[in-house]
Amino acid sequence: MVARIVPVDPFDLVVFGATGDLARRKLIPALYHRLHDGQMPDEARIVGAARGELDRDGFRRMADAALEEFVGAGELDPDARRRFLSTIDYVRLDALSSDGWGQLSAALPDADERPRAFYLSVAPRFFGQVAERVHGAGLARPDSRIVIEKPLGHDLASARALNACFAGHFGEHQIYRIDHYLGKETVQNLMALRFANALFEPLWNARHIDHVQITVAESVGVEKRGPYYDGIGAMRDMVQNHLLQLLCLIAMEPPARFEPDAVRDEKLKVLRALAPVTDLEAVVRGQYAAANGTPAYAADAESAESRTETFVALKTEVANWRWSGVPFYLRTGKRLRARVSEIAIAFKPAPHSIFPGSAGRTGQNVLAIRLQPDEGITLGMTIKDPGPGGLRLAPAELDMTFADRLAQAHLRMPDAYERLVMDVIRGDQTLFMRGDEVEAAWAWVDPIIAAWDERGDRPAPYDPGSSGPEDALMLMHRDGRRWREIAA
Ligand code: NAP
């Protein structure tokens, strides 16, 4: 495997909220890696902006500490570290007033035509103000980019309002809505697997696929974010964006080209083809209970009567010719048995077994795409159990764990943000959500949440470290199927 790095042009990146968690944990390390690997040029300029009383050196020290913490002191290359820090500048600025915007203008010399991007790593309530002030200060050019990420609204109405607010200042081709799941290597590999190989596409339909499972399980609870998370819940926080985006990549038709709008048009068609959930039995919601000294969600959320779900399992269908009758089961939750994100495509069994009963049963072929941990793809097959003891059938896995291949080539698994931030600079929107996709996802999710609200009951409690509430298991058992184990 050869890592081919195509350097990007020198650019200006303004990070609003540069002293916050996302910037320190993800953006600064991602940019460091891109410089270290030769993709980000030394002439690039990263301008951090926040209200904190820092000067350039103070912010560089903060960025350096973020590298030590999140890249690891032992992993840092001294030369790349020095060169990276020298690309960094800082401007004290308030999103809610005119303070600091003149200095930001001065930090971005207008003369050069470098790609310019504004990363809004601030709370969503500031998005509108920042977009307006970027525009008002004359900082945005027709090709400047603006980057935002979830939550992209709380429901369809607020998502539409957010889209309208950005549309007032930026064209759709300038808006980069991040779903970091789309930046994961395995997710991009899913598209390569489907569309760069002739093998799977003929089987990729209701004739050959029995069902699809998508699981995004976390082992941690809401921790200190309880009061913030309360009133959001797993449906809004995970299903509306990450799980539906993964479903789109599985279910979409082959786009004519691997180009932003060609890909996003196909994803949008999937979202619009999702059958509305009319039967609440097909949607299970849960809330983690207390156990072994860990507090219940209600305690974490500081709300004893909270009806916010920390777990959702649901069954849906993509109502079109390709997928008619194939259930898509989605499941996500906090404080489950392990931290696992996985898509499993379960194929229909062989139509007829030629083997005697004594050989054992033929298994189901399952293509499992694992996003975390250990990104990779496995294909479950039935083979002859090796050895002279007669013909016995046994399960075996074809394993494409990427970490092994990367390790052999002395490469590192890049973080999703590395890819996504470089795509922003390159002006490639393929892995970013378009406004109409976000709205279509809310349009599907909203009625489910409204039906829960109307029913007014509480989510089913489930034990921490389990696979979620019993009803989630029943959702599959009723159909004669089983969830895959949640195991790291
Ligand atoms: P955070 O830790 O609270 O950081 C917020 C940043 O905004 C700080 O740098 C803060 O610095 C700055 N800020 C606050 N008020 C400001 C103002 N009036 N003007 C200018 N800057 C201001 O938040 P975060 O976790 O990094 O999240 C940032 C965004 O990313 C949010 O939209 C969040 O939903 C999204 N997100 C975060 C994550 C994550 O992993 N953290 C994941 C997904 C999405 P000062 O107070 O010094 O101004």
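In what follows, the structure referred to is the one given above.
Calculation notes
Residues numbered from 1 in each chain as written. Predicted model: local features only at pLDDT ≥ 70, side-chain atom pairs only at ≥ 80, totals over all residues. Heavy atoms only, no water. Near = heavy atom within 4 Å. Polar contact = N/O pair within 3.5 Å; in protein donor to acceptor, adjacent residues only side chain to side chain. Areas by Shrake-Rupley, 256 points an atom, 1.4 Å probe, with all protein chains shown as cover. Helix = DSSP H or I, 4+ residues; strand = E, 2+ residues; numbered from the N terminus. Core = buried A, V, L, I, M, F, W, Y, C linked by side-chain atoms within 4.5 Å. Buried < 20%, exposed > 50% of the residue type's maximum accessible area, 1.4 Å probe, protein only. Contact = heavy atoms within 4.5 Å. 1 Å grid on protein atoms, 1.4 Å probe; cavity = no way out; pocket = protein on both sides within 12 Å on 5 of 7 lines; lining within 4 Å. Points joined across faces, edges and corners; volume = space filled by probe spheres on them. Nonpolar A, V, L, I, M, F, W, Y, C, P; charged D, E, K, R; others polar.

Looking at this structure, how should I read the site of the ligand?
Taken together, 21 residues are adjacent to the ligand, and T19, D21, R25, A95 and V122 come closest. G20 is positioned such that a nitrogen or oxygen atom in its backbone is 3.0 Å from an oxygen atom of the ligand. Considering the ligand on its own, with 880 Å² of exposed area, one finds that the protein chains cover 75% of that surface. Broken down by element, the shell around the ligand gets its largest block of residues, three residues, from helix α1 (residues 21–36).

Which parts of the structure should I look at to understand the nonpolar core?
Nonpolar side chains in soluble globular proteins generally cluster together in the buried interior. Counting 149 residues, the largest nonpolar core has F16 and F84 as the members making the most contacts within it. When residues of this core are assigned to their parent elements, the largest contribution, 12 residues, is made by helix α9 (residues 233–251). Beyond its immediate stretch of four places on either side in the chain, F16 contacts A49, L93, W101, L104, F118, Y119, L120, S121, V122, V130 and V134.

What is the right way to read empty space enclosed by the protein from this model?
Rolled over the atoms, a probe with the dimensions of a water molecule shows which regions are left empty. Using the criterion set out here, one finds two cavities of 30 Å³ or more in the structure. Put simply, the largest cavity is a space of about 60 Å³. Around the largest cavity sit V15, A18, A23, L27, I28, L31, I46, G48, F59 and I88, which together line it. Broken down by secondary-structure element, the contributors of at least two residues to the lining of the largest cavity are α1 and β2 (45–50). Here the lining of the largest cavity takes four residues from α1, the largest share from any one element. Taken together, the residues that form the lining of the largest cavity break down as nine nonpolar, one polar and no charged. One number sums up the size of the second largest cavity: a volume of about 40 Å³. Together, L182, V187, M191, L249, V263, K267, T430 and L431 line the second largest cavity.

Nothing here speaks to function; it is geometry throughout.
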